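# Reading the structure
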Amino acid sequence: MTPFKTLTSRAVVLAADDVDTDQIIPARFLKGTAKTGLAAHLFADWRTQPGFPLLGTPDTSGAQILITGINFGCGSSREHAPWALVDYGFRAIIARSFADIFKENATKNGLLPIALPAAACSQIERVVNAQASTQLHVDLASERVSLPDGTSFTFPIDPFAKHCLLGGLDELGYILAFSERITAYEQR
Amino acid sequence: MKRTLFDKIWDAHVVAEEAGRPAVLYVDLHLVHEVTSPQAFAGLAARGLPVRRPERTVATMDHSIPTTKLVVVDDAARAQLRRLADNCAKHSITLYDTESHQQGIVHVIGPELGLTQPGMTIVCGDSHTSTHGAFGALAFGIGTSEVEHVLASQCLLQRKPKTLEVRFEGELPAGASAKDLVLAMIAELGVGGATGHVIEYTGPAIRALDMEGRMTVCNMSIEAGARAGMIAPDETTFAWLAGRPHAPQGAAFAKAVAGWCELHTDDGAQFDRTLVIDASQLAPMITFGTNPGMGIPITSAVPSPDDAEPAQRNALAKALRYMGLQPGEPLLGRPIDVVFIGSCTNARLTDMRVAANVMRGNKVAAGVRVLVVPGSKDVKRAAEAEGLDQVFRDAGAEWRDPGCSMCIAMNGDAIEPGQYAVSTSNRNFEGRQGRGGRTFLASPATAAAAAITGRITDVRTLMPTTGGER
Ligand code: SF4
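In this convention, every chain numbers its residues from 1, walking through the sequence in written order. Chain A is the first chain written and ligand 1 is the first ligand written, with later ones labelled in order. Residue-level local features of this predicted model are given only where pLDDT is at least 70; pairs of side-chain atoms are given and counted only at 80 or more, and the full residue set underlies all totals for whole chains, interfaces and linings. Only heavy atoms go into the side-chain values, all of them from the structure, while hydrogens and water stay out.

### So, the site of the ligand
- Inspection of the region around the ligand gives B:His63, B:Ile105, B:His107, B:Asp126, B:His128, B:Ser343, B:Cys344, B:Cys404, B:Cys407, B:Ile408, B:Asn426 and B:Arg432 as its neighbouring residues.
- Across the shell around the ligand, the residue classes break down as 5 nonpolar, 5 polar and 2 charged. Whether a residue is near a molecule or strand depends on its heavy atoms: if one lies within 4 Å, it is near. Three categories are distinguished: nonpolar for Ala, Val, Leu, Ile, Met, Phe, Trp, Tyr, Cys and Pro, charged for Asp, Glu, Lys and Arg, and polar for the others, with Gly belonging to the last.

### Re the nonpolar core
- Among the buried residues, those of types Ala, Val, Leu, Ile, Met, Phe, Trp, Tyr and Cys that are joined through side-chain atoms within 4.5 Å form a nonpolar core. A simple rule labels every residue: compare its accessible area, found with a 1.4 Å probe on the protein chains alone, to the largest value its type can have, and call it buried under 20%, exposed over 50%, or partly exposed in between. If you look at the biggest cluster of nonpolar residues, it comprises 87 residues, and the most contacted ones within it are A:Phe43, A:Phe72, A:Leu85, B:Val339, B:Met359, B:Phe392 and B:Phe440.
- By the convention used here, residues are in contact when the closest approach between their heavy atoms is within 4.5 Å. Apart from the residues within four sequence positions on either side, A:Leu85 is in contact with A:Ile24, A:Leu42, A:Phe43, A:Leu66, A:Phe72, A:Phe90, A:Ile93, A:Phe102 and A:Leu111.

### Quick look at the sheet that holds strand 16 (residues 369-372) of chain B
Residue and element names in this part refer to chain B.
- Pairs of strands are assigned from DSSP output, requiring at least two bridges between the strands. Helix and strand assignments follow DSSP, with helices taken as H or I runs no shorter than four residues and strands as E runs no shorter than two, numbered in order from the N terminus. An order of 17-16-15-18-19 is seen for the 5 strands of this open sheet, with the pairing classed as parallel. At either end of the open sheet lies a strand with only one pairing partner, and these are strand 17 (398-399) and strand 19 (438-441).
- Across 4 bridges, the pairing between strand 18 (residues 420-423) and strand 19 is parallel. Following the sheet pairing, alanine 421 is matched in strand 19 by threonine 439.
- Note on definitions: angles span 0 to 180 degrees between N-to-C directions of axes, and those axes are lines fitted to C-alpha atoms, for helices only across the stretch in contact. Those strands touched by helix 11 (residues 310-323) are strand 18 and strand 19, and its axis lies near 110 degrees from that of strand 19.

### Focus: unusual backbone geometry
- In this structure, A:Phe43 is a non-glycine residue whose phi angle is positive, near 50 degrees.
- As for its placement among the helices and strands, A:Phe43 is situated in the loop between helix 1 (21-24) and strand 3 (65-67).
- A relative accessible area of 0% means that A:Phe43 is categorised as buried.
- Positive phi, close to 85 degrees, is recorded for B:Ser343, a residue that is not glycine.
- By the element assignment, B:Ser343 lies in the loop between strand 15 (338-341) and helix 12 (349-359).
- According to the relative accessible area criterion, B:Ser343 is buried, its value standing at 1%.

### A short note on the pattern of salt bridges
Residues and elements named next belong to chain B.
- What makes a salt bridge here is a side-chain nitrogen of Lys or Arg within 4 Å of a carboxyl oxygen of Asp or Glu, nothing more. Under the defined criterion, the tally for this structure stands at 38 salt bridges over all chains.
- Aspartate 378 is paired through a salt bridge with arginine 381; the nearest N and O atoms lie 2.4 Å apart. Residue aspartate 378 and its partner arginine 381 are both found in helix 13 (residues 377-385); the two are separated by 3 residues, about one turn of the helix.
- Aspartate 378 gets classed as partly exposed once you look at its relative accessible area, which sits at 24%.
- On the basis of relative accessible area, arginine 381 is assigned to the partly exposed category, the value being 37%.
- The salt bridge partner of lysine 380 is aspartate 401, with a shortest N-O separation of 2.9 Å. Linking lysine 380 in helix 13 with aspartate 401 in the loop between strand 17 and strand 18, this pair joins segments that are 21 residues apart in sequence.

### Observations regarding the packing of aromatic side chains
Residue and element names in this part refer to chain A.
- Classification of ring pairs uses Phe, Tyr and Trp, with its six-membered ring standing for Trp, and accepts pairs whose centres are within 6.5 Å; under 30 degrees between planes counts as stacked, over 60 as edge-to-face, and the remaining range as tilted. In the structure shown here, the tally under the stated rule is 17 aromatic pairs over all chains.
- Between phenylalanine 43 and phenylalanine 52, the aromatic rings sit 5.5 Å apart at their centres with planes inclined by 55 degrees, giving tilted as the arrangement. Taken individually, phenylalanine 43 and phenylalanine 52 each receive the classification buried, so the pair is uniform in this respect.
- Aromatic ring contacts, followed pair by pair, group Phe43, Trp46 and Phe52 into a single cluster.

### Digging into helix 2 (residues 38-47) of chain B
- Here helix 2 of chain B has its buried residues at B:Pro38, B:Gln39, B:Ala40, B:Phe41, B:Gly43 and B:Leu44.
- Remark: B:Gly48 follows helix 2 of chain B within two positions and exhibits a positive phi of approximately 70 degrees.

### What to know about the interface of chain B and chain A
- On the chain A side, the residues contacting the 60 residues of chain B number 51 residues.
- Note on terms: buried area is the combined drop in 1.4 Å-probe accessible area of two parts once they are placed together, counting the loss on both. Of the roughly 4700 Å² buried where chain B meets chain A, counting both sides, 54% is carbon and sulfur surface.
- Applying the counting criterion to the chain B and chain A interface returns 9 salt bridges.
- Across the pair A:Glu186 and B:Arg52 runs a salt bridge, and its minimum N-O distance is 2.9 Å.

### Focus: the side chain of A:Arg91
- Mapping A:Arg91 onto the fold places it in the loop between helix 2 (80-88) and strand 4 (92-95).
- Not counting residues within four places of it along the chain, the set of residues in contact with A:Arg91 comprises A:Thr2, A:Pro3, A:Phe4, A:Leu7, A:Gln64, A:Gly110, A:Leu111 and A:Leu112.

### As for helix 3 (residues 75-91) of chain B
Residues and elements named next belong to chain B.
- The end-to-end C-alpha distance of helix 3, which contains 17 residues, comes to 24 Å, matching closely the 24 Å that a straight helix rising 1.5 Å per residue would cover.
- Listed in full, the buried residues belonging to helix 3 are Ala77, Gln80, Leu81, Leu84, Asn87, Cys88 and His91. Projected onto a plane normal to the axis of helix 3, the buried residues spread over an arc of 125 degrees and lie on a single side. Of the residues in helix 3, the exposed ones pointing more than 90 degrees away from the buried face are Asp75, Ala89 and Lys90. Working rule for helices: expected span equals 1.5 Å times residues minus one. Throughout, the arc means the angular range of directions from the helix axis out to the C-beta atoms.

This is the structure in C-alpha cells:
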C-alpha cells in the first residue's frame, strides 16, 4: 500500500448524501478478478449525466480529493468502490460521515476518509466552488485539512488506521504476528 | 458485569488486543462467493500464504449465475465463476457450485445447512452477512482485503462497535410481516442511522417471528447502516437448527443448546442506544425512493420535499425525479411492470408460501413480468414438494433456479430502463435491478398482490379471498 503522509490537490464537490457503492461502481462492473482497471467504471451511471461535477472536465482533472455529504459509501461491501476511486486518482474523501464498511475498505487501499462536521465541509465547498483551482492541503500526521488562506480543520482518525496509512503498512502483517496466540486460541 | 448478547460473543472471540489497537477477533465461519473473493485469493498467492483453516471457509456461487437453464451471461462472469472453482479446489475449500444439490444464495444456505449457529462469529465479503445474526451469531460483511485476512489468519482486526437495541413491542397486525417491520425501522432510523452500531432486536414482535422472518429482519440491518443485527436464540431457533446437516447431532445437540441458552442480554445490561417501535401500529410498507430508508406505509402518499428536513430536501427531490413520482400522489393503484420475488431477504420457504397463497388461483396481470427465484436448491425442492411452483406457473410467473438474480442484476435478469418493479429484495438504489430501473421494495405478500393486480396494492384488501397472511 502506498503510504499517505501529505497531499496537496484541488478538489471536486459531489453534493449528495448517502452515495451508495452501487453508484460508485455499478454491479455489472464487478465481474473482474483484478483490483485495477476500474477507473473507467467509476460513477458509471452518473458521469454521463449533464452537470455531473467530476470526471473529465478541465476544472476537475487531476483532483485527488472528493468532497461529499453524509454517509458516503453506504450499501454493498464491495471493495471495488475504493479500488475504482483510487484507480481514478483520488487519495482522500472529505465527507460529513462515512458508512462503516466503506471507511474500512478505503483505509486499506491508501484512500484517506476525512470526516468533518457539516459546517467545515460547507466552508471548504464554498471556497472550492468559488475557485475550482483551489489547492487543499491534507496533513495526516497532524490530522488537518487546510485551505490556502491558512484556515484549517482537524479530523478524527483511528490511531491504528493512521499508523498503517503513514507507514504504507497493511493489516495482515500485524495480524500474522499473533500467529501463536491464534493457535493457542484454537486449541483452548 | 452485566453483558449484552453482543458483548458475550465479542468477548469470547478476542484473541488479542493491544492498547490503542483494534482487537484481533477470531472468525468461526467464513462464507465466500464469486464476486468479492478472487482478489483476496490472488493476494494470498502473491504473499505465498496458505489458507489457515480451509474447513472454516465455505463457498457458493450465487451472484452471477443464470437462474434458467441458459448459459452464463458473459465471459467475464464465466471466468469469475471458474476462478472461484479453481481457488476452492486449490485450497480444499468446500464449494456449493451450480451442480451441487445444496447450492443457493450464501445467506440462505449458511443457515439451511446448519453452518450458521448461535454464538459464532461469521463473516463474508457481502454486506448482508448480517442475516446470520438471526441465530444469535455476530455476523457482518467485510471487504475483500479482509477476506484475504481471514483466509490467511482466520482473524480480523475489529474496533468494538456500539450497541443499539431495537425493541418491537406488541403484535404485528394481519397483513404486515417481518419485511414491513424492518422497512419501518429503516424509515425511522434512516440509511445511516445505525452506523457504528450492532443492533439487537428484542421484544414480543421479534419473539413471535419464525426463523425466516428473523432472517429477513437481520438481513436488512445493514440498510440502516448497522454493522450487524442479532436476535438472541430461543426454542424457535433450536427447533429450526435441529437435524440440519452441519448442526451438532444427538447428545452433542442437547449440549450445544445448553450453551446457547446463555446467549442473551443480561437483565440490566446497558445498550448505547435504544429505539422502541410499536409493531401493532405497523402496516404493509413500501419504498418510494432510491434508498431503503425512503419507506412509507403503503396507504400513504409520496412525501413532499417541501415538508422534509432542509438537509434532506435535495435528496428527496432527486429520488422522486429518478422514480418519476410526484409529491403527494398515492402509490396505491400505480401500475408496475415487473415483480421480483427472491433475494437473501425474502426467498425462503415461508416467503414462497406467502407469495403463493396470494397468487393461488389468480393470473398475473397482463403485461407484467413476474420472476420467482427461490433462495436455494433446498428451498426450490421444498416449494416444489408443496406444489408452490405449480401455483406460480399456473398464475403465469416464471419459476427459476436459485441465485441472486434480479436483486443485483449481474446475471442478465434485469429490469429495463424506466420500468417499475415491486421487489422483495433489499436495495432500491438507482440502477440496482438494472440500469435506469425503478424499484419499490416490499414484502412477498405485497409483491404477490402487485403481480396479480399489475398495480401497487394493499394486500389486506385481497385477504378475505387468500386466507390470513402472516
Ligand atoms: S440476494 Fe442480493 S443482497 Fe443477497 S447476497 Fe445476493 S446480491 Fe447480495
